[in-house]
Structure formats: structure tokens, C-alpha cells
Amino acid sequence: MSEQHLNADPFQSIRPYRDNEVAEVLNRMVRDNELVDAIAHYQLPRLPRYILRWLRPIVRIGLAAKVGEIENITSFQKLVANYMTKMINRSTRKLSCSGIDRLDPQEAYLFVSNHRDIAMDPAFVNWALYQYGMNTVRIAIGDNLLRKPYISDLMRLNKSFIVKRSIKAPREMMAAMTLLSEYIDHSISTGHSVWIAQREGRSKDGNDRTDPTLLKMFYMSHRKQRSFAEMVERLNIVPVSISYELDPCDVMKARELASVASQGKYQKGEFEDIDSIVRGITGEKGHVHVDFGEPIRGQFDTPEALAAEIDRQILGGYYLHPTHLAAAGRADSAEAQALLEPRLAQLEPDAQAYLKSMYANPVFNRERIEQQAQSSQEERDA
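In this convention, every chain numbers its residues from 1, walking through the sequence in written order. Residue-level local features of this predicted model are given only where pLDDT is at least 70; pairs of side-chain atoms are given and counted only at 80 or more, and the full residue set underlies all totals for whole chains, interfaces and linings. To obtain the side-chain values, all non-hydrogen atoms of the structure were used and water was disregarded.

A. Molecular detail of the overall build of the protein chain. For the protein chain, the helix and strand inventory stands at 17 helices and seven strands. Along the three orthogonal principal directions, the C-alpha set of the protein chain runs to about 75 × 55 × 45 Å. Note on areas: Shrake-Rupley, 1.4 Å probe, and residue coverage restricted to the protein chains presented here. Surface summary for the protein chain: the accessible area is close to 19,400 Å², and the carbon and sulfur share equals 50%. For the charge count, each Lys or Arg is scored as positive and each Asp or Glu as negative, with His and the chain ends excluded. A charged residue contributes its charge at one atom only: NZ of Lys, CZ of Arg, CG of Asp or CD of Glu. Looking at charge distribution, the protein chain has the averaged site of its 49 positive side-chain charges lying 5 Å from that of its 51 negative ones. In DSSP terms, a helix is any run of H or I states spanning at least four residues, a strand is any run of E spanning at least two, and both are numbered starting from the N terminus.

B. Broad picture of the pattern of salt bridges. Basic side-chain nitrogens of Lys or Arg form a salt bridge, by our definition, when they fall within 4 Å of a carboxyl oxygen of Asp or Glu. Enumeration over the complete set of coordinates arrives at 17 salt bridges. Here glutamate 256 ties to lysine 204 by a salt bridge, and the two come within 2.7 Å at their closest N and O atoms. Taken together, the positions of glutamate 256 in helix α12 (residues 250–263) and lysine 204 in the loop between β5 (194–197) and α10 (212–219) put the pair 52 residues apart, joining distant regions of the chain. One exposure class covers both glutamate 256 and lysine 204, and it is buried. Ionic contacts of the salt-bridge type, sharing partners, join the residues Asp9, Arg15, Arg18 and Glu21 into one network. Exposure categories follow from relative accessible area, calculated using a 1.4 Å probe and restricted to protein chains: below 20% of the type maximum is buried, above 50% is exposed, and the middle band is partly exposed.

C. Representation of helix α17 (residues 349–381) within the structure. Multiplying 1.5 Å by the residue count of a helix minus one yields the expected span of that helix. Compared with the 48 Å implied by 1.5 Å per residue over 33 residues, the 48 Å span of α17 between its first and last C-alpha is a close match. The axis of α17 is deflected most strongly, by about 40 degrees, at alanine 360, and proline proline 362 appears within four residues downstream. Buried within α17 we find Ala351, Leu355, Met358, Tyr359, Ala360, Asn361, Pro362, Val363, Asn365, Arg366 and Ile369. It only takes one pair of heavy atoms within 4.5 Å for two residues to be counted as in contact. As for α17, its buried residues are in contact with α12, α14 (303–317), α15 (322–327) and α16 (334–344). Fitting axes to the seven residues ending at a residue and to the seven starting there, one defines the bend at that residue as the angle between these axes.

D. Representation of the confidence of the model for the protein chain in the model. Looking at the protein chain, pLDDT values average 91 and 98% of them are 70 or higher. Each residue gets a pLDDT score, which is the predictor's confidence in that residue and runs from 0 to 100. With pLDDT under 50 throughout, residues 1–5 is counted as low confidence; its partners more than four residues away or in other chains account for two contacts.

E. Highlighting the packing of α10 against α14. To obtain an axis, a line is fitted to C-alpha atoms, over the contacting stretch when the element is a helix, and the angle between two such axes runs from 0 to 180 degrees between their N-to-C directions. Viewed as axis vectors pointing N to C, α10 and α14 meet at an angle of 120 degrees, and their least axial separation amounts to 9 Å. One finds that α10 runs oblique with respect to α14. Crossing geometry of α10 relative to α14 is assigned as right-handed. Packed against α10, whose contacting residues are Pro212, Leu215 and Lys216, the element α14 presents Pro303, Glu304, Leu306, Ala307 and Ile310 at the interface. Any residue outside Ala, Val, Leu, Ile, Met, Phe, Trp, Tyr, Cys, Pro, Asp, Glu, Lys and Arg is labelled polar, Gly included; the first ten of those are nonpolar and the last four are charged. Looking at the contact of α10 with α14 residue by residue, the class counts come to six nonpolar, no polar and two charged. Each angle receives one of four descriptions, namely roughly parallel if under 35 degrees, roughly antiparallel if over 145, roughly perpendicular if within 65 to 115, and oblique otherwise. Crossings are sorted by hand: turned counterclockwise from the far helix by less than a right angle, the near helix makes the crossing left-handed, and turned clockwise it makes it right-handed.

F. Summary view of the environment of tyrosine 266. For tyrosine 266, the location among the structural elements is in the loop between α12 and α13 (272–282). For tyrosine 266, the residues in contact, after removing those within four places along its chain, are Arg255, Glu256, Ser259, Val260 and Glu272.

What follows is the structure, given as C-alpha cells:
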């Protein structure tokens with residue numbers, strides 16, 4: 001790529017695709033055997049791989065027909081939205097939202113969210129924003145999930161941009177994080193809201209904590225021009241808390257946590273990333289609630305102080321479902337316990353404790369921040 005082109009499009013390597021790139025990307029995806037095999041595996045999960053290869057021509061024709069009328073990012077997102085609407089109707093008992101009236105539809109925001117599901121967390125945020133008359137977000141996604149080219153293409157067609165986590169060399173990492181910081185600032189300043197998880201990876205144990213390193217990354221492109229507190233005001237940061245009555249991937253997460261605890265490692269299966277995404281989309285979720293916090297204002301001079309405020313709002317806004325209360329021993333409801341029993345029955349005894357903890361920890365974390373708030377109030381009153 002020429003230096004002139006890089007200057008004209010400095011974010012080309014990480015940004016979502018543009019309308020004029022859609023046709024080429026879709027043609028590439030239709031020819032991708034791994035994508036075709038993944039679709040066949042999803043539709044016919046019990047068939048062995050050698051038979052899936054025989055089905056490639058049929059699957060490819062069906063895929064080409066589906067994407068044939070897509071001309072731009074908006075039409076691709078409409079196709080995704082149609083599927084997501086069906087999945088939400090099938091996999092959720094109830095979908096609710098709070099705090100969105102705190103937002104101005106004319107503003108762009110940096111939504112810093114807790115993270116439980118790869119695809120559905122930003123999808124539920126987008127659903128809430130769409131209902132409120134706001135544009136969908138640009139979604140930050142780690143390159144660890146983009147090892148397969150077709151997944152990268154799918155995500156970038158759906159307004160995702162790439163967080164390059166796999167880089168290890170310090171100088172290259174610094175350059176990549178600065179570019180990411182510049183892109184987030186560019187998005188907000190040009191009217192495009194952004195969704196990003198509060199830390200790397202899903203919170204598999206139910207403990208939602210903001211990583212100050214993430215907030216330091218936000219500041220990297222600002223440090224020569226403005227203070228950290230001025231950056232916080234400029235980015236229009238809003239904490240978001242997403243809570244699932246039932247986590248479709250809870251059994252998978254509990255097995256992984258148990259394996260790491262007992263063996264020090266966990267070996268993923270060949271299709272496990274895809275299975276996790278598919279299960280997260282299609283699996284039973286019960287009641288899902290999305291809470292938008294207050295846009296952060298005030299003097300937050302350090303990443304640690306900002307992280308504490310984001311945590312306070314995310315934990316305080318987390319909707320505690322009966323499953324959470326039952327797992328924490330805070331509810332007498334037999335119905336809530338009955339929801340967890342079939343999931344526990346799928347696990348070995350050592351893994352069952354991890355599943356219980358992932359539902360119980362939001363309750364314990366809420367109690368902790370409420371106690372901290374009460375103690376602070378008592379100190380002020382003294």
C-alpha cells in the first residue's frame with residue numbers, strides 16, 4: 001500500500017468496511033471453503049467433515065443467493081437485523097432497557113460495557129439504540145477472534161473494528177494502541193458511537209471489572225493535546241451493563257474455568273469459537289436487561305479513578321435476575337433454582353461450583369459497592 005493511500009485512509013487496517021468494498025468482500029466470502037464448511041456444520045452438526053465437503057456446492061449456491069442483493073453496509077445490517085430479531089424472539093423471554101433516556105439521540109457516545117457474549121452484547125445495545133431512534137454502534141473486537149478471514153469479513157461488514165491484541169513487540173504494540181485510540185476519538189468526533197468491552201475477553205466468572213489499561217489506551221492519542229480529565233469529557237463515556245437471566249454459554253465457560261484451575265490450561269476444539277458464537281445467539285437467555293449509565297462528567301484525572309466510576313455504574317446498573325439471587329443464596333424461589341438445575345446436571349461436580357459462581361458474583365459485587373457507598377456516606381455525615 002502506498003504512503004499516499006495510507007495518509008488518505010490511516011485506519012484502513014482496522015476500520016469497518018465501507019460501502020464501496022462490500023461487493024468484493026462478499027464475493028471473497030462466498031468462495032471461502034471454511035465459511036461454507038462452518039455454515040454446513042451449523043446446519044448439520046452431526047455430519048462428519050468429509051461429508052460436509054461434498055455439500056459445499058449446495059451451501060455455496062444458497063449463500064450466494066442470500067448475499068446477492070446486498071449492495072452496502074446498511075443493507076447488510078438490515079439482513080443481520082432480520083436474523084437477530086428472529087433470534088431475540090426465539091431465545092429471550094423478555095428484553096428490557098433502562099437509562100436510555102439519559103442519552104441525546106444527536107450525540108455520539110463511547111459505550112464501555114461489561115462483556116458476557118461475543119455477538120449478543122453489542123447486538124442488544126444496538127437493539128436498544130435502534131428502538132430509541134439512534135444509529136447503531138461501531139463495535140470493537142479483538143483480533144484473537146478473527147483468526148479465520150471469513151469471521152473478520154463478517155465482523156467488519158457489521159461495523160466492527162479491530163483491536164490488535166496479538167501483537168507482542170513493544171514498539172508495534174504502542175503504534176497499534178495509538179492508532180486504535182485515534183480511531184475511537186475520530187469516530188466520536190465525527191458522530192459515530194462506539195461499543196467496547198471494559199476489559200479484554202468475556203467475563204466468564206461473572207466478575208465485571210474495568211481494566212485501567214483500556215482507559216490508558218483511550219488517552220494515548222490525546223496525551224500531547226489535553227489532560228486525562230479533558231479526554232474523559234471529549235469521549236462522552238457511558239457505562240453499559242448487560243445482564244442475562246440465563247447465559248447460553250455458561251456450561252462451556254464453567255468447563256473452561258474448571259480445566260484451567262485443575263490443569264493450568266484449556267484446549268479449545270476446532271469449531272469451538274464458532275459454536276460459542278452460535279450458541280450465544282441461538283441459546284435460551286430468559287430475560288435480558290440493558291442498562292445505560294450516566295454520561296461520565298466531572299474531574300477524573302487518572303485511569304484508576306475513571307475505572308472505579310465505570311465499575312460503580314456497571315455493577316450498580318446490573319439487573320439481578322432470580323437465577324443470580326438463587327445462586328447467591330439470596331432467594332427462596334424454587335422456580336429460579338429449577339432454572340439452574342438442568343445446567344448444573346450437565347457438569348462434573350468440580351465444574352458446577354464455577355457455574356454457580358458466575359451467576360452469584362454479580363449479587364456479591366452489588367452488595368459490595370452498596371456497602372462502600374453507605375460507608376462513604378457515613379464518613380461524610382460524621
